[in-house]
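Residue strings, one per chain:
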Amino acid sequence: MDVIDAYKKEFISYLNSKVKNREPKNLYEPISYILKLGGKRLRPVLTLMSCELFGGKSSEAYDAALAIEMFHNFTLIHDDIMDNASLRRGNSTVHTKWDLNTGILSGDALMIMAYQSCENYPPHLFKKLLLLFSKTALEVCEGQQLDIDFEDREDVSLDEYLKMITYKTSVLVAAALQMGALIANASENDISCIYDFGLNIGIAFQLQDDYLDTFGNAETFGKKIGGDILENKKTFLYLKTLEVANANDKNELISLYHLKDLNEQKIEAVTKLFTKNNIPAITKNEIAHYTEKAFDSLKKLSVSKEKKELLKTFGLDLMKRTI
């Protein structure tokens, strides 16, 4: 992944050159803080990579990559407020370090700055980027609302869940890739195929996240195992169990999810139900299905085999967290 690391280093250098404290201090300091907290920077890296993939220069995609990263961090600030989270990447969240009103306002400003980052492109390209960016931003908000709605619903279907994770997670990955292709003036076919690649690899990534939350290794996953179960999240594993299990197992699972006591016994009981109903294997198959769909999109790209392999390697490395 030396190539990915090079893109990441390139982007961070540009990000640091653009993120400066301004007045009023309490509006811009939180923005600098969240943008410099770290993270994988996968989305902006994809924008740079995609631009070069289709014959452009990575530097031409800096501002679009910055827009993607700013928007992503805007969602993190507001997600942390909605979740009442105190930590982000091991550090205090913006609304905890400052206050709730500052978190809301700084998040709003970051969203506007994301749009401003696209203003340096020529009018015809700016319009294309803006149409894609606005569509994606609204879909992310729709996905977040669906996720919130699902907390109080007992009738969530798997199709609805897949739509939610597509909007909440995958569309931004797909848009990051497509923006790079647009800047490089790629063909309509390539622009469409690279979007499909991002969409499907994003779905696979989120399904893997669901799997690892229950069946992963805490050290390699980076989170406490069983967190989704303790929070009663209706993940793919939960919804698939309701679909395939017998009546007794369904009733037991629903009862466990209504328990108020958050304890290890609950995680163990739910995990046992998942295992009994072959959910680990079913989930792995679903992850493989969307990964293959992503790779099928790569076959349709009118670029060299070496360039396709770079994206395939990226997809495979992305999925190595590990199952």
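For the structure itself, look to the data block above.
To start, this report covers the structure provided alongside it. (Residues numbered from 1 in each chain as written. Predicted model: local features only at pLDDT ≥ 70, side-chain atom pairs only at ≥ 80, totals over all residues. Heavy atoms only, no water.)

## Looking at the overall build of the chain
Check the secondary structure of the chain and you find 16 helices and two strands. The C-alpha radius of gyration of the chain comes to 20 Å, within 12% of the 20 Å expected for a compact globule of 323 residues. Pairs at least 24 residues apart make up 73% of the contacts formed inside the chain by residues separated by at least 6 positions. Accessible surface for the chain amounts to roughly 15500 Å². Of this, 51% is attributable to carbon and sulfur atoms. (Helix = DSSP H or I, 4+ residues; strand = E, 2+ residues; numbered from the N terminus. Rg over C-alpha atoms; globule rule 2.2 N^0.38 Å. Contact = heavy atoms within 4.5 Å. Areas by Shrake-Rupley, 256 points an atom, 1.4 Å probe, with all protein chains shown as cover.)

## Structural notes on helix H6 (residues 100-116)
Compared with the 24 Å implied by 1.5 Å per residue over 17 residues, the 25 Å span of H6 between its first and last C-alpha is a close match. Check the buried side of H6 and you find it contacts helix H2 (25-35), helix H4 (62-83), helix H5 (94-97) and helix H7 (123-150). Near the N-terminus of H6, the side chain that reaches the backbone nitrogen of Asn-101, with its oxygen 3.2 Å away, is that of Asp-99. (Expected span 1.5 Å × (residues − 1). Polar contact = N/O pair within 3.5 Å; in protein donor to acceptor, adjacent residues only side chain to side chain.)

## A closer look at the nonpolar core
It is characteristic of soluble globular proteins that their nonpolar side chains tend to be buried jointly. Counting 107 residues, the largest nonpolar core has Phe-54, Phe-71, Ile-194, Leu-207, Phe-274, Leu-301 and Leu-311 as the members making the most contacts within it. Among the elements that make up this core, the one with the highest residue count is helix H8 (residues 158-183) (17 residues). Ignoring anything within four residues of it in the chain, the contact list for Leu-207 reads Tyr-161, Leu-162, Ile-165, Phe-236, Thr-283, Glu-286, Ile-287 and Tyr-290. (Core = buried A, V, L, I, M, F, W, Y, C linked by side-chain atoms within 4.5 Å. Buried < 20%, exposed > 50% of the residue type's maximum accessible area, 1.4 Å probe, protein only.)

## Description of the environment of Phe-150
As for its placement among the helices and strands, Phe-150 is situated in helix H7. Those residues in contact with Phe-150 that lie beyond four places of it in its chain are Val-156, Glu-160, Tyr-161, Met-164 and Lys-234.

## Description of the pattern of salt bridges
Taken as a whole, this structure holds ten salt bridges when the rule is applied. The partner of Glu-139 in a salt bridge is Lys-135, with the nearest N and O atoms 3.2 Å apart. With a gap of four residues between them, Glu-139 and Lys-135 both fall in helix H7, about one helical turn apart. The exposure class of Glu-139 is buried, given its relative accessible area of 11%. Via salt bridges that share partners, Arg-153, Asp-155 and Glu-160 belong to a single interconnected network. (Salt bridge = Lys/Arg side-chain N within 4 Å of Asp/Glu carboxyl O.)

## With respect to unusual backbone geometry
That bond from Glu-23 to Pro-24 is cis: its omega, 0 degrees, falls within 30 degrees of zero. Mapping Pro-24 onto the fold places it in the loop between helix H1 (2-18) and H2.

## Structural notes on the packing of helix H3 (residues 42-53) against H8
Between two packed helices, what matters for the description is the angle formed by their axes and the separation of those axes. Axis separation between H3 and H8 bottoms out at 7 Å; the angle between their running directions is 30 degrees. Classified by the angle between their axes, H3 and H8 sit roughly parallel to one another. Seen along the crossing, H3 lies across H8 with a hand that is right-handed. Across the interface between the two elements, Arg-43, Leu-46, Thr-47, Ser-50 and Cys-51 of H3 pack against Leu-172, Val-173, Ala-176, Leu-177, Met-179, Gly-180, Ala-181 and Ile-183 of H8. Residue composition of the contact of H3 with H8, grouped by class: nine nonpolar, three polar and one charged. (Axes fitted to C-alpha atoms, helices over the stretch in contact; angles between N-to-C directions. Parallel < 35°, antiparallel > 145°, perpendicular 65-115°, else oblique. Left-handed = near helix turned anticlockwise from the far one by under 90°. Nonpolar A, V, L, I, M, F, W, Y, C, P; charged D, E, K, R; others polar.)

## Let's talk about the packing of aromatic side chains
By convention here, two paired aromatic rings are described through the distance between centres and the angle between planes. Per the stated rule, a full pass over the model turns up seven aromatic pairs. Aromatic pair Tyr-14 and Tyr-62: ring centres 4.7 Å apart, planes at 35 degrees, arrangement tilted. With Tyr-14 in helix H1 and Tyr-62 in helix H4, this pair connects stretches of sequence that are 48 residues apart. Exposure class is identical for Tyr-14 and Tyr-62. Each is buried. Taking 5.7 Å as the distance between ring centres and 75 degrees as the angle between the ring planes, the aromatic pair formed by Phe-71 and Phe-133 counts as edge-to-face. (Phe/Tyr/Trp six-rings, centres within 6.5 Å; stacked < 30°, edge-to-face > 60°.)

## Focus: H4
In this model H4 runs 31 Å from its N-terminal to its C-terminal C-alpha over 22 residues, within 8% of the 32 Å that 1.5 Å per residue would give. In terms of burial, H4 is a largely internal element, 20 of the 22 residues being buried. At the exit of H4 stands Asn-84, carrying a positive phi of roughly 55 degrees.

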